Structure formats: C-alpha cells, structure tokens
Amino acid sequence: MRARRFGRGKVGGSRAAWVIAALLGAWLAAPPMPAQGAEPPALREAQGEEKARRAKLIGEAKKEGALVFRSHSVDPPHFQTFAKAFREHYGFKDHKLSHSLMRTPTLIARTQQELAAGVRGADIVHLGCPDTCSEWAAKGFLLPYESPEYKHYDPAVTTRGGAVAAYPGYWISGMVVYFGVAYNRELTGRDLKTWDDLMDPKFKGKIIISDIGRSTTTGYTYFGYEKVLPPGFWKKFAEQQRPAVILSNRDTMNRLLAKEYAIGVIVTSRHTYIENQRGNTQIKSFFPDNKAVAIGYHMMILKNAPNPSTAKLFVDFFHGKKGQEILIPLMAYGAARKDVQVPAAVEATSPKIGTLDLIPIDWANPQTEIDFKKTQEEFRKVFYAVSPIKPKDGGE
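Residues numbered from 1 in each chain as written. Predicted model: local features only at pLDDT ≥ 70, side-chain atom pairs only at ≥ 80, totals over all residues. Heavy atoms only, no water.

> Help me understand the nonpolar core in this model?
Across soluble globular proteins, you tend to see nonpolar side chains buried next to one another. The biggest cluster of nonpolar side chains holds 107 residues, and the ones touching the most others in it are Trp-234, Phe-237, Ile-263 and Val-265. With seven residues, the single largest contributor to this core is strand 4 (residues 173-184). Setting aside anything within four residues of it in sequence, one finds Val-265 in contact with Gly-180, Trp-195, Leu-198, Ile-207, Ile-208, Ile-209, Ser-210, Trp-234 and Phe-237. Listed in part, the nine residues of the second largest apolar core include Ala-182, Ile-208, Met-253 and Ile-283. (Core = buried A, V, L, I, M, F, W, Y, C linked by side-chain atoms within 4.5 Å. Buried < 20%, exposed > 50% of the residue type's maximum accessible area, 1.4 Å probe, protein only. Helix = DSSP H or I, 4+ residues; strand = E, 2+ residues; numbered from the N terminus. Contact = heavy atoms within 4.5 Å.)

Structure representation (structure tokens):
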C-alpha cells in the first residue's frame, strides 16, 4: 500500500493546512522571547545622550565585574535586596558585589589608613559624617561625580550650606536620618510632645540619652537642639532626671521594650518604624516642637577606586527613583527625592524633607566642628557623672 502524502488529495491537504494553522496560531499567541543580548531596563528607559552615557558605563562596568561597598548603616540583608535589583537593572549577571558593615569610627579609621597608604580597599564609602566627608573631598581623596539623579532631590540636601550637608560635585545627602525622642506608651501613660514633658518628676531614673560623647550622628542632633533650647536646659535635665547614657540606639530600644526604661532621648526614628512593623505599637516617637536636625548619609566614590564605572552606576541607581522605592520601606529614612511616594508608615516616623522644621547647622563652616567637639566634652562632664550605666570605650 502506498503511503498517503499530506498535501495531495482533499483529506491530506485539509489536515496539513489544519496542522500548519494550529502551529502558526500557537506561535503568534506565545509571548515574544527576549532576543539574546536584549537591552537591560536601564537602557530601555533612557534616550539620547543619557542612553549613550549609560551604555558606555555599562560596557566598562562589565569589564570590571565587581564592586566593594562599605557602610555604617546599610544592613547586609538590605544590601542583598538592593544588589539583586541593581544587577537586574543594568543586566549584570556575574557582577560580584561585596558589602562591609562597620561602626563609624572603624570605617573612618580603616578608610583613612588606606587613603594614606595609597590603597583602595573599597569603591564606595557610605557615611554620615559631613566633616570627615568634606575633608576627604577637599584633599582630593574622592572621585568627582555628579549623578544625573541629583536633580530630582530637594535643594536642602544638594546645596552646600543648605539645611542638610552636601559637597556638590562629590556627594549629597541621599539618605536623611532624624533622631528624636522614643518612648514606651505603656510606661509613660500618655503621649509626649514637648521637652517639658521629659522633665516630669515621675520619669526620674526612667530615661536613656544617647552617648553624645562618643557618637557623631546622635551628637550633631544634640548639638542642634542645644541651639533652640533654653540656656542650661541639658544641665538641668541631667541633674534632675539622671538619665542613663547608652551608646547603641538598638540597645536603648531593647530596654524600652523590656520596660527597664520609659523614654529614649535622641534615638533614630527608624527604630520606631521597625518596632511598629513588628507589632510593638506601644513604642512611639516624636520630635519636640516639630523641630529636628536632619543628618545626611553620604555616598562617595574613592579616587582611584578599582571599579569606578560600576560605582557610578551604583550611585545612580541608589539615588534613582527605583532604588529609593526599594530602600525607603526597608530602611525607613526621610525621603529627599521629590518624585518618590513614601509609605504612610514610614512617613509617620521619618517625615519627608520639608515636613519638619529643620534646625540649621552651618555644615560648611570649619568653626562648626570646633564647637561640636566642645559640646561633646561638655556632655561627657555633665551626663557621665550622673549616669547609672558607666560608658565604655568605643564609638558609634
């Protein structure tokens, strides 16, 4: 018997046509497969000169294949979440992104030792010390870089001499952190709103104050509040309420949760957000008289960094809309980028720039650092003498 050939005769031809039509329909209905070497999101969303700039940096970064990031504030899990999004945004499949979390004094000391020795152990340093960061920029230790993303930020964080520290051409304050007053509502029995509330005699021995004598970030907040408080307030507060001096904000929060203490003075508001997210809604925070010092955290690329192109793209993504939308819910800092929608839970504890009445500090004036050191010394004399917990060596 001869084999029937499709395409010859009425039945065979109809069947062949049906098979071909079915295959063609399935092919048309299937989602398009990405072409090999398709553009990453960073290029698809850009046009003209900006697209060309990104393409050049991406090409150079792929040859580098790595980045070393050093920070005093970005926790490892948050960095990994951000790093995954960064790789996807630029199409970096094999990029090795390394992260080191260090206490502020350790980070500064190690970086300065490397700078003095001509060694670059990191590409990017993320730090909240405007005096040190300004000094590094002035001495030529940093790579000049002005990210195109900076134009989307509030001038308060991008202008030298603004309410938040900045060094145009090198770094801005892409993250803004506030330190206010945290308290356990179950122990205070009422909401607190003013400095006078902290002077209630029933809170004597029930208050913690951050160790300003060994911390720059909390120290600048104390320094700023001193400018708007009545003369002698801190001395009166120390003598009357005899607060415990504790360096770590995390330690302070743990003691509030354990009901060892009722109030923590000069504690970062992001800890309140974290505890509220965990269901500990008895933890509250406020900024007395709606005033605060905005502490900026700065991202800097070191001059002669091993991976400068990857570092530039990382700075872009960090300060970009997508990067901020990833980080703000994770880290609960005050948003300074104008086109970012801030979750209500974050806004309640870390308001967007422009919401609080910011206490001005002349970050660009060298005299500010001199005055700040004097304030730290005065704090040690007044508060260390009354604290039931004796401060240990170290810093934050």
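Continuing now.
> Would you mind showing me how to read the environment of Gln-241 here?
Topologically, Gln-241 is positioned in helix 9 (residues 233-241). Note on Gln-241: relative accessible area 1%, which makes it buried. A C-alpha to C-alpha distance of 9.0 Å links Gln-241 and Lys-202, two positions 39 residues apart in sequence. Beyond its immediate stretch of four places on either side in the chain, Gln-241 contacts Leu-198, Met-199, Asp-200, Pro-201, Phe-203, Lys-204, Gly-205 and Ile-207. In this structure the side chain of Gln-241 is engaged in a polar contact, spanning 2.9 Å, whose partner is the backbone oxygen of Asp-200. (Polar contact = N/O pair within 3.5 Å; in protein donor to acceptor, adjacent residues only side chain to side chain.)

> Sorry, what's going on with the packing of aromatic side chains here?
Ring pairs (aromatic) are described by centroid distance and by the angle formed between their planes. Enumeration over the complete set of coordinates arrives at 33 aromatic pairs. Plain terms: the ring middles of Phe-86 and Phe-314 are 5.1 Å apart, the flat faces sit at 65 degrees to each other, and that makes the pair edge-to-face. With a gap of 228 residues between them, Phe-86 in helix 4 (residues 76-90) and Phe-314 in helix 12 (residues 308-319) connect regions that are remote in the sequence. For the pair formed by Phe-86 and Phe-314, the shared burial category is buried. Ring geometry for Tyr-183 versus Phe-286: centroids 6.1 Å apart, planes at 70 degrees, classification edge-to-face. Placement of the pair is Tyr-183 in strand 4 and Phe-286 in strand 8 (residues 283-286), with a sequence separation of 103 residues. Counting every residue linked through ring pairs, the aromatic cluster contains Phe-69, Phe-79, Phe-82, Phe-86, Tyr-90, Phe-92, Phe-314, Phe-317 and Phe-318. (Phe/Tyr/Trp six-rings, centres within 6.5 Å; stacked < 30°, edge-to-face > 60°.)

> Teacher, can you tell me more about the pattern of salt bridges here?
Opposite charge on two side chains makes pairing possible when the charged atoms of those side chains draw close. According to the stated counting rule, one finds 25 salt bridges in the structure shown. Ionic pairing is found between Asp-251 and Arg-255, a salt bridge with its closest N-O pair at 3.0 Å. Here the residue Asp-251 and the residue Arg-255 both occupy positions in helix 10 (residues 249-257), the gap between them amounting to four residues, near one helical turn. Residue classification places Asp-251 among the partly exposed residues on the basis of a relative accessible area of 28%. (Salt bridge = Lys/Arg side-chain N within 4 Å of Asp/Glu carboxyl O.)

> So what exactly am I meant to see when it comes to helix 9 here?
Along an α-helix, residues three or four apart share an orientation, since each turn contains 3.6 residues. Of the positions making up helix 9, those classed as buried are Phe-233, Trp-234, Phe-237, Ala-238 and Gln-241. Each buried residue of helix 9 sits inside an arc of 130 degrees when the element is viewed along its axis, so together they form one side. Residues of helix 9 that are buried sit in contact with strand 5 (207-210), helix 8 (216-228), strand 7 (263-268) and helix 15 (366-383). Of the residues trailing helix 9, Arg-242 is marked for its positive phi of about 45 degrees. (Arc of directions from axis to C-beta.)

> Would you explain the pairing of strand 3 (residues 124-127) in this entry?
Looking along a regular strand, one sees the side chains alternate between the two faces of the sheet. Residue alternation in strand 3 divides its side chains into two sets, Ile-124 and His-126 and Val-125 and Leu-127, and both sets are buried. Note: strand 1 (residues 66-71) against strand 3, three bridges, orientation parallel. Bridge pairing in strand 3 places Ser-71 opposite His-126. In this structure, strand 3 lies alongside strand 10 (residues 294-301), joined through four bridges in antiparallel fashion. In the sheet register, Ile-124 faces strand 10, and the bridge partner there is Ile-301. (Pairing = 2+ DSSP bridges.)

> Would you take a moment to explain helix 11 (residues 270-277) for this structure?
Taken together, the buried positions of helix 11 are Arg-270, His-271, Thr-272, Tyr-273 and Glu-275. Count one or two residues on from helix 11 and you reach Gly-279, which has phi positive near 100 degrees.

> Would you mind going over unusual backbone geometry with me for this structure?
Negative phi characterises most residues that are not glycine, and trans characterises most peptide bonds. Positive phi, normally seen in glycine, also occurs at Ile-266, with a value near 65 degrees. Assignment of secondary structure puts Ile-266 in strand 7. Relative accessible area serves as the criterion here: at 0%, Ile-266 is assigned to the buried category. Here the phi dihedral of Asp-289 falls at roughly 60 degrees; this positive angle occurs in a residue that is not glycine. With respect to the helices and strands, the residue Asp-289 is situated in the loop between strand 8 and strand 9 (291-292). On the basis of relative accessible area, Asp-289 is assigned to the partly exposed category, the value being 49%.

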